[in-house]
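Read off the chains here:
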Amino acid sequence: MATRIDLLGPPRIHVGDAEVPGPRGSKCWALLAYLVLTGRPVPRGRLMDLLFDGAEDPAAALRWSLSELRRALGDAASLSGDPLRWEPADDTVVDVEVVLGGLWSQALELPGFAGVLLEGISLRVGPSFEVWLANERRRLAAASASILHEGAHSRLARGDTAAAVRLAERLVAAAPLEERSHELLVRALVAAGDEEAAMARVDECRLLFEQELGRHPSPTLWDALRPRPFASTSRSRSELLAAIDLGAGAAYGGAYDHAIEALRRAISDDGDPDLTARALFSLGAALVHGVRGSDEEAVIVLHRSFAMATDCGARPVAARAALELGLVETLRAHYPRMEAWFAEARGLADGDERLLAWIGVYAGLGRTDQAQYPLALATLEEAEDLARSSGELRALAYAATGLGRLHLLRGDLHRARAELDLAVATVREIGWTAFLPFPRALIAEVDLLEGDRAAAEEAIEHSYALACQVGDPCWESYALRGRGLLAAARGDDAAALDLLTEAPRASRRLPDTHDWVDGYCLDALCGFAVARGLPSAQGWVDELEEFAGRRGMRELLARALLHRVALGSPAAAEAAALLIGEIDNPALRRRAEAVGVVVAA
């Protein structure tokens with residue numbers, strides 16, 4: 001019979017419909033959670049250090065815990081070897097694996113969905129495991145919120161507004177300080193025809209943000225009260241095709257306002273499903289790429305496109321809608337949902353090299369965000385090859401920029417510069433000036449690390465000027481970070497503090513920016529504040545750890561722990577060493593050595 005293991009909420013094991021006795025001892029559950037969530041074989045010595053360091057005989061304590069787990073699990077899983085390998089049976093379901101990699105509809109049916117990892121389990125463990133557990137709880141809470149988000153959107157796309165409202169209400173309760181949660185609930189209430197409740201939600205969100213964050217929500221929240229109608233009159237197929245082609249062409253050329261107006265005219269509720277799905281996709285893509293602060297509306301449109309295209313068998317349209325939905329999840333650091341959408345897109349791509357190139361670009365960026373460097377490198381290199389062979393030069397520029405960023409993070413400045421030079425040359429060849437601030441900001445960082453401050457200043461000022469003209473908050477943040485680091489290198493600490501403080505704020509102006517950029521800028525601020533002994537350093541390090549842990553950004557989390565070590569916290573050193581040992585990044589290891597953290601080979 002099938003076995004279900006619940007690690008969210010009070011941990012339990014069910015075989016069929018019956019609960020069976022679990023293992024004796026809280027550390028058995030902790031051991032099981034660590035093996036499942038780590039996702040790879042773990043050396044027994046590491047497990048002894050993590051969980052049994054205080055035992056008289058750590059090896060014997062580990063063996064006893066494993067025997068208890070084997071007794072409780074029976075044929076549901078195998079635990080063997082050194083490193084210790086967790087191998088579940090085909091019919092064994094673990095709730096955390098569903099939350100992190102299953103369908104949203106499956107996750108919502110879990111008895112402990114949105115519960116706390118190992119709730120009620122009292123553990124006497126060292127600081128390393130406590131840090132790991134705290135951050136895994138944050139990560140799973142964020143994954144649960146992203147499932148509620150996707151579920152509400154999917155219900156809206158199918159016209160089930162009542163279910164969408166219920167899920168959005170649960171999302172707001174789970175993530176009350178996330179503006180996207182409130183915006184989705186407002187849109188769901190408007191779609192359900194309850195405008196009074198929608199207006200009340202906007203007022204409640206405004207008051208909450210004023211009290212808790214000291215600021216107002218962005219204008220996108222108020223925009224959600226005014227849904228934009230689609231066409232109300234029927235048009236011929238030729239007219240619709242012309243409108244779609246006109247809108248898509250305008251969007252490609254950067255004329256997004258014109259594109260969106262044309263595409264809205266091509267959509268009607270009683271139109272041809274195939275053409276409507278195409279128009280919805282083109283509109284959603286234009287909103288994602290061209291209108292800041294519009295991603296929540298875009299996701300609603302793209303979900304409708306995906307559902308309609310799937311129903312009518314329009315596989316290319318469904319594939320592209322899935323691609324754009326995966327991109328949005330990448331930007332939001334909803335990495336399990338990102339992987340799910342890109343898997344959908346790959347399955348529907350039918351060998352389309354251009355589409356596969358873009359899937360690889362965005363997946364590679366998301367995997368880099370999580371410090372999955374070997375996988376990200378392979379993904380981006382394949383995307384670069386596909387882009388080159390298919391002539392998709394924008395994807396080539398993006399893939400080269402992604403590779404440049406990856407090599408920069410790993411300290412391989414020669415390879416970083418080569419890729420970023422390729423990106424800049426490609427951008428200039430095709431006239432895609434709006435993208436130029438991104439690789440130019442990264443080139444400036446390479447220049448600065450190589451000690452060429454004059455070149456760094458020229459590149460970063462060019463990047464910042466372009467980013468401001470384009471109006472991209474993420475690229476403004478990159479450039480502000482670079483300007484701050486340059487000022488610090490020159491000894492102008494007052495200017496450096498102002499710029500590094502402003503850098504993460506720039507990307508927070510709107511709710512649909514790339515979350516990783518916010519964390520990357522916050523890390524630079526932490527590094528400066530810790531090195532200068534600023535009183536505010538501790539608060540910024542706390543913020544970075546919570547931010548990175550919740551999103552599964554492993555390197556940024558490791559950097560937060562290294563900042564803690566530099567601030568005098570010996571407890572953080574062991575946790576940092578453990579985490580950095582799992583990340584393939586020589587530059588990060590050198591950072592650790594600089595503050596006295598020894599990382600095992």
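One can find the structure itself at the top, above this paragraph.
What you see is a predicted model, and the numbers here were worked out from it, not measured in a lab.

1. Considerations on helix H7 (residues 161-174)
Here H7 is 14 residues long and its end C-alpha atoms lie 20 Å apart, about the 20 Å a rise of 1.5 Å per residue gives. Taken together, the buried positions of H7 are Ala163, Ala164, Val165, Leu167, Ala168, Leu171 and Val172. In this structure, the buried residues of H7 make contact with helix H5 (104-108), helix H6 (127-157), helix H8 (179-191) and helix H9 (195-212).

2. Some thoughts on the sheet that holds strand S1 (residues 3-6)
What holds strands together in a sheet is hydrogen bonding between their backbones, with the strands either parallel or antiparallel. With mixed pairing, 4 strands are arranged side by side in an open sheet as S3-S2-S1-S6. If you trace the sheet from one side to the other, it starts and ends with strand S3 (18-20) and strand S6 (92-94), each paired once. On average, each strand axis in the sheet is inclined to that of its neighbour by 25°, with strand direction left out of account.

3. Topic: the layout of surface pockets
The space that makes up the largest pocket amounts to roughly 1,600 Å³. If you go around the largest pocket, you meet 50 residues; those closest to its centre are Tyr256, His289, Glu324, Tyr362 and Arg394. Listing elements by their share of the lining of the largest pocket, those giving two or more residues are helix H11 (237-252), helix H13 (273-290), helix H15 (315-331), helix H17 (353-369), helix H19 (393-409) and helix H23 (473-489). Here the lining of the largest pocket takes 8 residues from H13, the largest share from any one element. Considered class by class, the residues forming the lining of the largest pocket number 28 nonpolar, 11 polar and 11 charged.

4. Looking at empty space enclosed by the protein
One pass over the structure, following the stated rule, counts 4 cavities of 30 Å³ or more. If you trace the largest cavity, you find 15 residues lining it, with Ala145, Glu178, Arg180, His334 and Arg550 closest to the centre. Element by element, the count of residues in the lining of the largest cavity is highest for H6, at 4 residues. Of the residues that constitute the lining of the largest cavity, the class distribution is 5 nonpolar, 4 polar and 6 charged. There is about 100 Å³ of room inside the second largest cavity. Looking at the second largest cavity, the residues that line it are Ala441, Ala444, Glu445, Leu448, Ala456, Ile460, Tyr478, Arg481, Gly482, Leu485 and Leu486. Among the secondary structure elements, those contributing two or more residues to the lining of the second largest cavity are helix H21 (437-449), helix H22 (453-470) and H23. The element that contributes the greatest number of residues to the lining of the second largest cavity is H23, accounting for 5 residues.

5. Here we look at unusual backbone geometry
A cis amide bond links Asp82 with the next residue in sequence, Pro83, at an omega value of 10°. Positionally, Pro83 belongs in the loop between strand S4 (77-80) and strand S5 (85-88). If you check the backbone angles, Leu118 has positive phi at about 55° while not being a glycine. Tracing the backbone shows Leu118 in the loop between H5 and H6. Positive phi, normally seen in glycine, also occurs at Ala333, with a value near 65°. Checked against the element boundaries, Ala333 lands in the loop between H15 and helix H16 (335-349).

Each value, and the rule that gives it
Throughout this document, residue positions are counted from 1 along each chain, in the order its sequence is written. In view of the model being predicted, local features appear only for residues whose pLDDT reaches at least 70, and side-chain atom pairs are presented and counted only at 80 or more, with totals across whole chains, interfaces and linings using the full set of residues. Think of the side-chain values as coming from all heavy atoms in the structure, minus any hydrogens and water. Secondary structure elements follow DSSP: runs of H or I of four or more residues count as helices, runs of E of two or more count as strands, with numbering from the N terminus. What a helix should span is 1.5 Å times the count of its residues minus one. Exposed residues in this analysis have more than 50% of their type's maximum accessible area, buried residues have under 20%, and partly exposed residues fall in between, with area computed by a 1.4 Å probe over protein chains only. The contact criterion used throughout is that any non-hydrogen atoms of two residues lie within 4.5 Å. Pairing between two strands requires that DSSP report at least two bridges joining them. Orientation is described by axes fitted as lines to C-alpha atoms, over the contacting stretch for helices, and by angles from 0 to 180 degrees between their N-to-C directions. For cavity detection a 1 Å grid was placed over the protein atoms alone, and a set of points counts as a cavity when a 1.4 Å probe fits there but cannot get out; an open set counts as a pocket when protein lies on both sides within 12 Å along at least five of seven lines, with lining residues being those that have an atom within 4 Å of a point. Grid points are joined across faces, edges and corners, and a volume is the space filled by probe spheres set on the points. Gly is placed with the polar residues, together with every amino acid not listed as nonpolar (Ala, Val, Leu, Ile, Met, Phe, Trp, Tyr, Cys and Pro) or charged (Asp, Glu, Lys and Arg).

Read these as geometric descriptors, not functional statements.
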